[in-house]
Amino acid sequence: MTLTEIIETFKTKLNPSKIMDSLERTASFYDESENGSGEDLKSNPYSNSASGSVKSSEATRITLNEKEPLIKLTDVWKLYQMGEVEFAALKGIDLDIYEGEFLVGLGPSGSGKSTLMNLLGCLDIPSKGTVFLNSKDISELEESELARIRGQMIGFIFQSFNLIPTLSTEENVLLPLEFQEEDVQLARKKAAYLLDIVGLSDKRKNLPSQLSGGQRQRVAIARSLAVNPPIILADEPTGNLDSKTGDYILDFLDGLNKKEGKTIIIVTHDLEIVKHATRVVYIRDGEIEKIEIRTKNESEEIK
Ligand SMILES: Nc1ncnc2c1ncn2[C@@H]1O[C@H](COP(=O)(O)OP(=O)(O)OP(=O)(O)O)[C@@H](O)[C@H]1O
């Protein structure tokens, strides 16, 4: 199925005209470039320099100063109604996350890690308490405003954020750029560049079903980086991966943190991930059990 055919299918079912217009422009660009434009898609479209970095030249500090948290949770509760019974998945979480941290949330199954990630990623709002993103109370924002901020600021590497099965690897990476109304030609250069840095240039035409689990995870990473967000949230990024692919992904995220200053937040069961952390938050039964600050030496000891 060609991209144009996929768009026609979507059109008849959904008809979100703005997105469709944008996708159509992409399709026409594809059709033209299929004939071979000979352009260099591997030069870094995020930067004027050829440093091989995702970092854009316009990347700047988000918070006013380093003492101000990028994300702040105060007395956050998440309650689920189970028939007559109310279940507290999070019980009064207080947590400040600063720009440039590599924060790992560790906890057993059912401790509330994914619930916490949904709140940190502004995908959900707390039942009680407040989540501030760059000093803005997220529950006071309109859904459209929240979606816009989320789209610009946060890249998600979640197992549940599945790739769209009918779109190729490259088209999946292009999607967030379409939502940001990125110039089609630049968007395509960005997608090609990102697929190159996650080592999947040769798979750009493949559908997700034609990729291994680790390759799909790498596409999800490329997609999460497409809009060059300053915050990356990852829920079990190494889950179901062989150790080699898992290490590759963690080293990649580590590089984004150390070289690009991106804020990385990961929740996991995987103790191996701790060695990359600047702080480890231990979660148990919906509460923070303890927080550990890690120095470089401690991180190296674990290796
Ligand atoms: N929509 C929901 N309705 C009711 N209970 C829920 C809901 N979502 C999560 N829970 C419960 O909240 C608790 C925390 O769930 P959560 O998914 O955050 O845990 P987790 O630490 O991420 O677990 P895992 O490591 O197994 O993914 C669990 O007891 C779960 O059953």
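Residues numbered from 1 in each chain as written. Predicted model: local features only at pLDDT ≥ 70, side-chain atom pairs only at ≥ 80, totals over all residues. Heavy atoms only, no water.

Colleague: Residue-level account of the environment of I157, with values.
Modeller: Mapped onto the fold, I157 is located in strand 6 (residues 154-157). Looking at I157, the relative accessible area reads 1%, which means it is buried. C-alpha separation for the pair I157 and I221, spaced 64 residues apart in sequence, amounts to 6.1 Å. Every residue in contact with I157, bar those within four places of it in the chain, is listed here: Q217, I221, S224, I232, L233, A234, D235 and L253. (Helix = DSSP H or I, 4+ residues; strand = E, 2+ residues; numbered from the N terminus. Buried < 20%, exposed > 50% of the residue type's maximum accessible area, 1.4 Å probe, protein only. Contact = heavy atoms within 4.5 Å.)

Colleague: Let's hear about the sheet that holds strand 5 (residues 136-137): which residues, and what values?
Modeller: Backbone hydrogen bonds hold the strands of a sheet together, and the pairing may be parallel or antiparallel. Reading across the sheet, the four strands line up as 2-1-4-5 and stay open at both edges, with antiparallel pairing between neighbours. Among the strands making up the open sheet, the edge pair consists of strand 2 (85-97) and strand 5. Two strands pair when backbone bridges link them, and strand 1 (residues 71-82) and strand 2 are joined in this way by nine bridges, in the antiparallel orientation. Following the sheet pairing, I71 is matched in strand 2 by I97. (Pairing = 2+ DSSP bridges.)

Colleague: Talk me through the pattern of salt bridges; I want residue IDs and the actual numbers.
Modeller: All told, the structure shown has twelve salt bridges when counted by the stated rule. Between E145 and R148 there is a salt bridge; the shortest N-O distance is 3.1 Å. Of this pair, E145 and R148 both sit in helix 4 (residues 143-153), three residues apart, which is roughly one turn of the helix. Take E145: its relative accessible area is 25%, and that puts it in the partly exposed class. Taking the relative accessible area as the measure of exposure, R148 reaches 40% and is therefore partly exposed. When the shortest N-O distance is used, the salt bridge between D254 and K258 registers 2.7 Å. Within this pair, D254 and its partner K258 are both found in helix 8 (residues 243-260), separated by four residues, close to a single helical turn. Sharing partners across several salt bridges, the network here consists of E170, R188 and R204. (Salt bridge = Lys/Arg side-chain N within 4 Å of Asp/Glu carboxyl O.)

Colleague: Summarise the side chain of T268; cite the residues concerned and give the values.
Modeller: Structurally, T268 is set in strand 8 (residues 263-268). Its relative accessible area of 0% is what places T268 among the buried residues. Among the polar contacts listed, one links the side chain of T268 to the side chain of E236, at a separation of 3.0 Å. Of the polar contacts made by the side chain of T268, one reaches the backbone nitrogen of D270; its length is 2.7 Å. Not counting chain neighbours up to four residues away, the residues in contact with T268 comprise V104, G105, L106, G107, K113, E236 and I273. (Polar contact = N/O pair within 3.5 Å; in protein donor to acceptor, adjacent residues only side chain to side chain.)

By themselves, these figures tell us nothing about what the structure is for.
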